Amino acid sequence: MKILIKNSKTIVQANPAEVEKVAGRAMQTLPCINDGWISIEGGIITGVGEMKEGLPTESHFDHVINATGKLVFPCWCDSHTHIVYAGSREGEFVDRIKGLSYEDIAKKGGGILNSAERLNVASEDELFERARARLHEMAMNGTGAVEIKSGYGLSFDGEIKMLKVIQRLKHHTDITIKATFLGAHAIPLKYKQNRQEYIDLIIDEMLPFIGYEKLADYCDVFCDRGFFTPDETDAILRAAAQYGLIPKIHANELDYSGGIQIGVKNKALSVDHLEYTGDAEIQTLMNSVTMPTLLPSTAFFLGLEYAPARNMIDAGLPVAIASDYNPGSSPSGKMPFVVSLACIKMKMLPEEAIHAATLNSAYAMGVHQSLGTIKVGKHANLFITSAIPHYSYIPYSFGSDLIDTVIIGGKLYRQPD
């Protein structure tokens, strides 16, 4: 399909340079083209320019979209989700209203263990259909790339079932998907008295099978108080590296866990959550390959402290943001709201939040070479807003649906009514 977008009020994140991520003060500058056009052919961006410099011949295209008064963005890249799950957990939502903490709920068999129990009795087809519906919902809100984790199986068969569902999703959507093995999400109840036995199961049985079958791109560990220790995390990530799985880590959500340091030591692509991040952790992240990834909707939903995004950026770090879409602590994949929270609760400037949700989050899931900015040669994953005054209106108007059109893989996913 050949698509021409013309008369765009602003093309946001229109960067012709080869940039893998943006850090520190540079995050305050968002490259834009005013009164511009974009051409798309074969799922690829083939041209970007200003209207005053001339427009390609309109008759060459199957669709010509007049974007007068509207903004064009690269699709959001959501680099941290858990959207393969069997059921919701609104009962725990009520428990938290009554005063129970996330850890209290986990100790009585709720939380991750609740989802694991449900997932292990669900069929692969059921999981696939539910996850595909969530993907569609995310796409309608402008998300064009998603990292999806396992971690609700907590058994050999359950984890493999989840990863097979993620592989099926890859083949049934134009959305870019990366798969992450998160067998080390929690210790199952049957191994509570012998946690090393479960860690051995991950290292000796799950990882070799996953590596041989090429079921995952990344390996994640929940390195935090009450979950996996830094030494356990290190052992799992080193084992995963033998099978070509790039490290990622859930870190410092509940305490200063040492997870950031272990992530940097293992050259993790990202360390995620980071509500507890001080000067030592920031210094560890400086000049590393690891992207700090913040999940503000989780802090919002659980009533946690927000990650210190302002301190990180002011120190010179890059920052990504993601939705953490999951049934227990962030039951939403609406990235425009995540961008709003980043601005409202973490005091990120709109320019910083947009970088964090596009280019930097593309880096955090290893797709920055093809996604995250609007550039000739990159994949045509774009969304067009309704008529709005400025890109800052996206985080400002946090409750509004401001997206008119979504294009993923050069195909129209959403069009105005």
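Going by the structure above, here's the rest.
Residues numbered from 1 in each chain as written. Predicted model: local features only at pLDDT ≥ 70, side-chain atom pairs only at ≥ 80, totals over all residues. Heavy atoms only, no water.

Peer 1: What's the story with a negative patch on the surface in this structure? I'm lost.
Peer 2: Residues E197, D200, D204 and E205 make up a contiguous surface patch of negative charge. Residue position: D204 is located in helix α6 (residues 195–213). A relative accessible area of 52% places D204 in the exposed class. (Patch = residues over 30% accessible without salt bridge, like charges linked within 9 Å, V, L, I, M, F, W, Y side chains within 5 Å. Areas by Shrake-Rupley, 256 points an atom, 1.4 Å probe, with all protein chains shown as cover. Salt bridge = Lys/Arg side-chain N within 4 Å of Asp/Glu carboxyl O. Lys, Arg positive; Asp, Glu negative; His and termini not counted. Charge placed at Lys NZ, Arg CZ, Asp CG, Glu CD. Helix = DSSP H or I, 4+ residues; strand = E, 2+ residues; numbered from the N terminus. Buried < 20%, exposed > 50% of the residue type's maximum accessible area, 1.4 Å probe, protein only.)

Peer 1: Help me understand the sheet that holds strand β8 (residues 176–184), please; the structure alone is not making it clear to me.
Peer 2: Sheets are built from strands that pair by backbone hydrogen bonding, the pairs being arranged parallel or antiparallel. Read across the open sheet, the eight strands follow the order β6-β7-β8-β9-β10-β11-β12-β13; overall the sheet is parallel. Strands at the two margins of the open sheet, each flanked by one partner only, are β6 (76–81) and β13 (320–321). Strand contacts of α6: β8 and β9 (218–223), with the helix running at about 150 degrees to β8, the strand carrying the most contacts. (Pairing = 2+ DSSP bridges. Contact = heavy atoms within 4.5 Å. Axes fitted to C-alpha atoms, helices over the stretch in contact; angles between N-to-C directions.)

Peer 1: I tried to follow the environment of G151 on my own but got confused; where do I start?
Peer 2: Tracing the backbone through its elements, the reader meets G151 in the loop between β7 (143–149) and α5 (156–170). With 136 residues separating them in the primary sequence, G151 and N15 have C-alpha atoms 36 Å apart. Excluding anything up to four places from it in sequence, G151 contacts I112, E159, M162, L182 and H185.

Peer 1: How do you make sense of empty space enclosed by the protein when you look at a structure like this?
Peer 2: Over the atoms rolls a probe the size of a water molecule, and in doing so it shows where empty space is left. The full count for this structure, using the stated rule, is three cavities of 30 Å³ or more. As a volume, the largest cavity reaches approximately 100 Å³. Looking at the largest cavity, it is lined by 13 residues, and the ones nearest its centre are Y102, H185, D324, N326 and S329. Here the lining of the largest cavity is composed, by residue class, of four nonpolar, six polar and three charged. In this structure, the second largest cavity occupies an estimated 70 Å³ of space. As for the second largest cavity, its lining consists of N141, K334, P336, I394, S397, F398, S400, D401, L402 and I403. For the lining of the second largest cavity, the class distribution of residues is five nonpolar, three polar and two charged. (1 Å grid on protein atoms, 1.4 Å probe; cavity = no way out; pocket = protein on both sides within 12 Å on 5 of 7 lines; lining within 4 Å. Points joined across faces, edges and corners; volume = space filled by probe spheres on them. Nonpolar A, V, L, I, M, F, W, Y, C, P; charged D, E, K, R; others polar.)

Peer 1: Please clarify how the packing of aromatic side chains should be interpreted in this entry.
Peer 2: Any aromatic ring pair is given by two values, namely how distant the centres are and how the planes are angled relative to each other. Within the structure shown, the criterion is met by 10 aromatic pairs. Centre to centre, the rings of F73 and W76 are 5.9 Å apart; their planes meet at 50 degrees, and the pair counts as tilted. Both residues of the pair, F73 and W76, belong to the buried class. Geometrically, the ring pair formed by Y256 and Y276 is edge-to-face, given 5.5 Å between the ring centres and 75 degrees between the ring planes. Of the two residues, Y256 sits in the loop between β10 (246–251) and α8 (259–265) while Y276 sits in the loop between β11 (270–273) and α9 (279–285), which places them 20 residues apart along the sequence. Here Y276 falls in the partly exposed class, since its relative accessible area comes to 29%. Following the ring pairs from residue to residue traces out a cluster consisting of F73, W76 and F383. In this structure, R168 is placed above the aromatic ring of F128, and the distance from its NZ or CZ to the ring centre is 4.1 Å. The side chain of R195 reaches across the aromatic face of F228, ending 5.8 Å from its centre. (Phe/Tyr/Trp six-rings, centres within 6.5 Å; stacked < 30°, edge-to-face > 60°. Lys NZ or Arg CZ within 6 Å of the ring centre and 35° of its normal.)

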